[in-house]
Structures are given as C-alpha cells and as structure tokens.
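Structural description and commentary
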Amino acid sequence: MFRIKYQNKEIDLEIGKAELHLWSSHVLENEKIGLFVNIEAKGKEVEMFDEDEQEKYQHYIKPRIYTEWLDIKPNQITNKDFRTLENLIVDFDKTGERNKTQGMIWNDESPGALYIDNHGLFEKVKIDFKHIDKGVFNVKLKGSTEYETPFDIETQIPLQIILKAYDNRETKENILTYFNEIFNESDFKIEWKYRDEDIFFTAKTKE
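As a starting point, this report considers the structure included with it. (Residues numbered from 1 in each chain as written. Predicted model: local features only at pLDDT ≥ 70, side-chain atom pairs only at ≥ 80, totals over all residues. Heavy atoms only, no water.)

In total, this model carries 9 aromatic pairs according to the counting rule given. Plain terms: the ring middles of Phe183 and Phe188 are 5.7 Å apart, the flat faces sit at 75° to each other, and that makes the pair edge-to-face. Phe183 gets classed as buried once you look at its relative accessible area, which sits at 1%. The residue whose ring lies beneath Arg64 is Tyr66, and the NZ or CZ to ring-centre distance is 4.1 Å. The aromatic ring of Trp192 is capped on one face by Lys172, whose charged end is 4.8 Å from the ring centroid. (Phe/Tyr/Trp six-rings, centres within 6.5 Å; stacked < 30°, edge-to-face > 60°. Buried < 20%, exposed > 50% of the residue type's maximum accessible area, 1.4 Å probe, protein only. Lys NZ or Arg CZ within 6 Å of the ring centre and 35° of its normal.)

Before going further, it helps to examine the environment of Gln160. Secondary-structure assignment places Gln160 in strand S15 (residues 150-165). In sequence terms Gln160 and Glu86 are 74 residues apart; their C-alpha atoms lie 15 Å from each other. The residues touching Gln160, leaving out its near neighbours within four places in the chain, are Leu20, His21, Leu22, Thr202, Ala203 and Lys204. (Helix = DSSP H or I, 4+ residues; strand = E, 2+ residues; numbered from the N terminus. Contact = heavy atoms within 4.5 Å.)

The next point concerns the pattern of salt bridges. A pair can form between side chains of opposite charge whenever their charged atoms are brought close. What the rule picks out here adds up to 11 salt bridges. Across the pair Lys32 and Asp71 runs a salt bridge, and its minimum N-O distance is 3.9 Å. Separated by 39 residues along the polypeptide, Lys32 in the loop between strand S3 (15-24) and strand S4 (33-41) and Asp71 in strand S8 (residues 71-72) bring together distant segments of the chain. Under the relative-accessibility criterion, Asp71 is labelled buried at 17%. Taking the shortest distance from any N to any O, the salt bridge between Glu47 and Lys56 comes out at 3.7 Å. Among the charged side chains, a salt-bridge network with shared partners connects Asp81, Arg83 and Asp187. (Salt bridge = Lys/Arg side-chain N within 4 Å of Asp/Glu carboxyl O.)

For helix H1 (residues 172-182), the set of buried residues is Ile175, Tyr178, Phe179 and Ile182. The arc that holds every buried residue of H1, seen down its axis, measures 95°, which confines them to one face. Looking at the buried residues of H1, the elements they touch are S3, S4, S15, strand S16 (188-195) and strand S17 (198-205). (Arc of directions from axis to C-beta.)

What follows covers the nonpolar core. Counting 50 residues, the largest nonpolar core has Ile4, Leu22, Leu141 and Phe183 as the members making the most contacts within it. With 7 residues, S15 is the largest single contributor of residues to this core. Apart from the residues lying within four places of it in its own chain, the contact partners of Leu141 are Val37, Ile39, Ile65, Phe122, Val125, Lys126, Ile127, Phe151, Asp152 and Ile153. (Core = buried A, V, L, I, M, F, W, Y, C linked by side-chain atoms within 4.5 Å.)

Looking now at unusual backbone geometry. Backbone geometry places Lys134, a non-glycine residue, at a positive phi of 50°. Structurally, Lys134 can be placed in the loop between strand S13 (119-133) and strand S14 (136-145). One non-glycine residue, Glu148, lies in the positive phi region at around 55°. By the secondary structure assignment, Glu148 is in the loop between S14 and S15.

This paragraph deals with the side chain of Asn138. Position of Asn138 among the secondary structure elements: in strand S14. Asn138 gets classed as buried once you look at its relative accessible area, which sits at 15%. At a separation of 2.7 Å, a polar atom in the side chain of Asn138 contacts the side chain of Glu154. Setting aside residues no more than four positions away along its own chain, Asn138 makes contact with Asp128, Phe129, Lys130, Ile132, Glu154, Thr155 and Gln156. (Polar contact = N/O pair within 3.5 Å; in protein donor to acceptor, adjacent residues only side chain to side chain.)

Shown next, in the form of structure tokens:
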C-alpha cells in the first residue's frame, strides 16, 4: 500500500521497489549502524485540477519515501537476533511535542523525506517494524511532510546487511569481526564483492 494525499487528491499506488538495510561504511567506528528504508511506487498518470486555468490535466508521478540520518546502537540487536529490530521506535513530530525513540542514535532532525515532484522532509512520522518470517519485516510509515502531503505506506521487505570498506581503510577481517559482533552469521547468506581497493559485503537473511 502506497497512499498519499497530494494537492488535495487521495492517490493509491502500487509499490515497485522496497529496501530495508542496516549499513556501515566505517566498521572500525562500531558505535552505530545505519538504518535505511526506501520504498518506491510504480509511476502513474493522475488526473489533477489546475485552479488557475480551471481545467483538468494529466500529471505523471512516481513517489518515493525514504529515511536518512537514522542510526541505531548495535546492542539494539539483542542476543545477535536481527528479529529484535521490531523493538525499534521512531515517532517524530517537528514541533517537538512528540519525539519518541527506542534504540536510536538521533538528534531529533527529520528522519527522512517523501519525494513526489520534490523532496519534502517529514513534519511528522511514525515508523513501525514487525518481523513476519524468515527475515521479512512489515514496515509501516505514516505521517505528513512539509508540503502538507499526508502519507500512509506499508509493505513487507526482506532485511539486508550492507557493509563497505573503501581504499583499504578496513580489511575483510575487520568487516567479519564487526558483523559477527552484532549478528548471528548462521541467519544469513553472505556475499563479497571487490573493486580496486574497495570491499563490499552483503548479508541476506536465509529463506
């Protein structure tokens, strides 16, 4: 479900792509790990109304909602069990009246944005995570943006862990040590890729 209210028009769209990553590009600085949610809708022609011209027109939109600037404490993954991510809480209100987090490293700035024709930062958002099965989480984002665009978006996304080391700053052993300190390796399928002096590690939950 990807539902928005845009220019006073309620619009439902199909979801085309969804990602849920925990990531780091500096594993030696192991006090945090990033949390990234990215959900993209399929493009759609929508009938809109031009108030100035007093006529209808077709407008193509392909919205995307995503998080930024969100990190979590590695010990939030209790007993190295990735399923405990569902205990995370993000409940943000720009007015400061309701900012509630659990397990987050966050300085109260807007935790993400909704892109339609431009990028609108969240004015309010509540993000819920619920583990369904085999590494798949039900992720729900509900709130509104600075351009007065309410949204209610929910889908199921498999978790991935993405770790990177650039220019030989860290080794393969550094990455594995970091990963095994936080996660249970037996829960994941691991893949390595290399490019010049860069290392890319991806762990996908086993089905």
